[in-house]
Amino acid sequence: MMYSELLNLTDGKATYEQFLDIEMVYMSKEDMTKKQAATLWKRLYGEKEEKPIPKYLKEIKDAIRDFKDNREWLDYAIEQEEKKYDEKLAEYDRNDWINRWVIECLEKQRAEVAYKKCEEFGNDAMIHIIYKDGSECIASGAEIVGGMITPKMQNIAYANYSDGYIEYDTLTGILVDDETDFFGDLSTDEGIEARENYYNMIEIKYGTEWGRKHST
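Scope of this entry: the structure provided in the associated data block. Not measured: the values here are computed from a predicted model.

## Some words on the overall build of the chain
Item 1. When its secondary structure is counted, the chain shows 9 helices and 5 strands.
Item 2. The order of helices and strands in the chain, counted from the N terminus, is α-α-α-α-α-α-β-β-α-β-β-β-α-α.
Item 3. Over its C-alpha trace the chain gives a radius of gyration of 25 Å, far above what one expects of a compact globule, namely 17 Å for 216 residues.
Item 4. A burial count over the chain gives 37% of its 216 residues as buried.
Item 5. Restricting the contact set of the chain to residue pairs at least 6 apart, pairs at least 24 apart contribute 54%.
Item 6. Each charge class in the chain can be summarised by its mean position, and for the 29 positive and 47 negative side chains these summaries are 7 Å apart.

## Topic: unusual backbone geometry
Among all residues except glycine, the phi angle is most often negative; among peptide bonds, the trans geometry is most common.
Item 1. Even without glycine at this site, Asp11 takes up a positive phi of about 55°.
Item 2. Looking at where Asp11 falls in the secondary structure, it is placed in the loop between helix H1 (3–9) and helix H2 (16–28).
Item 3. A positive phi angle, close to 55°, is found at Asp124, a residue other than glycine.
Item 4. In this fold, Asp124 is placed in the loop between helix H6 (113–122) and strand S1 (126–131).
Item 5. On the basis of relative accessibility, which here comes to 61%, the residue Asp124 falls in the exposed class.

## Here we look at a negative patch on the surface
Item 1. A surface patch of like charges, here negative, comprises Asp181, Asp185, Asp189, Glu190, Glu193 and Glu196.
Item 2. Inspection of the secondary structure assignment puts Glu190 in helix H8 (residues 189–205).
Item 3. Overall, Glu190 belongs to the exposed group, its relative accessible area being 58%.

## Digging into H8
Item 1. For H8, which comprises 17 residues, the first-to-last C-alpha distance of 24 Å matches the rise-based estimate of 24 Å (1.5 Å per residue) to within 8%.
Item 2. The complete set of buried residues in H8 reads Gly191, Tyr198, Tyr199, Ile202, Glu203 and Lys205.
Item 3. In the segment just after H8, Gly207 is the residue with positive phi, at about 65°.

## Considerations on H6
Item 1. Within the sequence span of H6, burial applies to Val113, Lys117, Cys118 and Gly122. Projected down its long axis, H6 carries its buried residues within an arc of 155°, all on one side. Turned more than 90 degrees from where H6 packs its buried face, Tyr115 and Glu120 sit exposed.
Item 2. Looking at the packing, one finds that the buried side of H6 touches helix H4 (54–89), helix H5 (100–111) and helix H7 (141–145).
Item 3. Count one or two residues on from H6 and you reach Asn123, which has phi positive near 60°.

## Topic: the packing of H4 against H5
Item 1. Across the interface, H4 lies against H5 with an axial gap of 10 Å and an inter-helix angle of 170°. Judged on the interaxial angle alone, H5 and H4 are roughly antiparallel. Here Glu82, Tyr85, Asp86, Lys88 and Leu89 of H4 lie close against H5, whose contacting residues are Ile103, Leu106, Glu107, Gln109 and Arg110.
Item 2. Grouping the constituent residues of the contact of H4 with H5 by class yields 4 nonpolar, 1 polar and 5 charged.

## Concerning the packing of H4 against H6
Item 1. One way to put it is that H4 packs onto H6 with a least axis distance of 9 Å and a crossing angle of 140°. The crossing of H4 and H6 is right-handed. On H6, the residues that touch Phe67, Asn70, Trp73, Leu74, Ala77, Ile78, Glu81, Glu82 and Tyr85 of H4 are Val113, Ala114, Lys117, Cys118, Phe121 and Gly122.
Item 2. Here the residues of the contact of H4 with H6 are counted per class, giving 10 nonpolar, 2 polar and 3 charged.

Analysis parameters
- Residues numbered from 1 in each chain as written.
- Predicted model: local features only at pLDDT ≥ 70, side-chain atom pairs only at ≥ 80, totals over all residues.
- Heavy atoms only, no water.
- Helix = DSSP H or I, 4+ residues; strand = E, 2+ residues; numbered from the N terminus.
- Rg over C-alpha atoms; globule rule 2.2 N^0.38 Å.
- Buried < 20%, exposed > 50% of the residue type's maximum accessible area, 1.4 Å probe, protein only.
- Contact = heavy atoms within 4.5 Å.
- Lys, Arg positive; Asp, Glu negative; His and termini not counted.
- Charge placed at Lys NZ, Arg CZ, Asp CG, Glu CD.
- Patch = residues over 30% accessible without salt bridge, like charges linked within 9 Å, V, L, I, M, F, W, Y side chains within 5 Å.
- Areas by Shrake-Rupley, 256 points an atom, 1.4 Å probe, with all protein chains shown as cover.
- Salt bridge = Lys/Arg side-chain N within 4 Å of Asp/Glu carboxyl O.
- Expected span 1.5 Å × (residues − 1).
- Arc of directions from axis to C-beta.
- Axes fitted to C-alpha atoms, helices over the stretch in contact; angles between N-to-C directions.
- Parallel < 35°, antiparallel > 145°, perpendicular 65-115°, else oblique.
- Nonpolar A, V, L, I, M, F, W, Y, C, P; charged D, E, K, R; others polar.
- Left-handed = near helix turned anticlockwise from the far one by under 90°.

Structure representation (structure tokens):
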């Protein structure tokens, strides 16, 4: 019996460690079918499926709501900034070739106002959500504030939040802050590998498209 087979029989919920436990029993019983092995998994682990830690799920949902609530303020901030550039541009004669380079610079800056304000209101945050069906939503705070992405808030199996100061998720809790670093020293190969392994495990555990492809 392969891990991928148990995954298929358990809707992608069995972890590799659980598979090893089930495989030991399966190999020791010549008449056990794979379906029976899946039934054994359900009896041992199916009722113990980990749910998102409520505290951190609430934190992430609140962050999404805050970003969405900031859309109205974002529109106002952009409008005010664009007015300032319009007033500056009005001071220059477009027919005067000497002023053209100044006008071009101001127009370029004006065009970037919305993007910069989205980043400002987005707080450098990144949110990764995996839903119960294995689908994903990865969005920056800027994309949520700007209305480019609006994550669904229901049927969340796992979610992660990071903003450059703190990182946490609904499986483990706080991963990185001023005092803790779940992954170790990220300036070393070991730290980088630990981080990659953790998120690979997340993808496999929650049955994303990538996780299903790399689960064997």
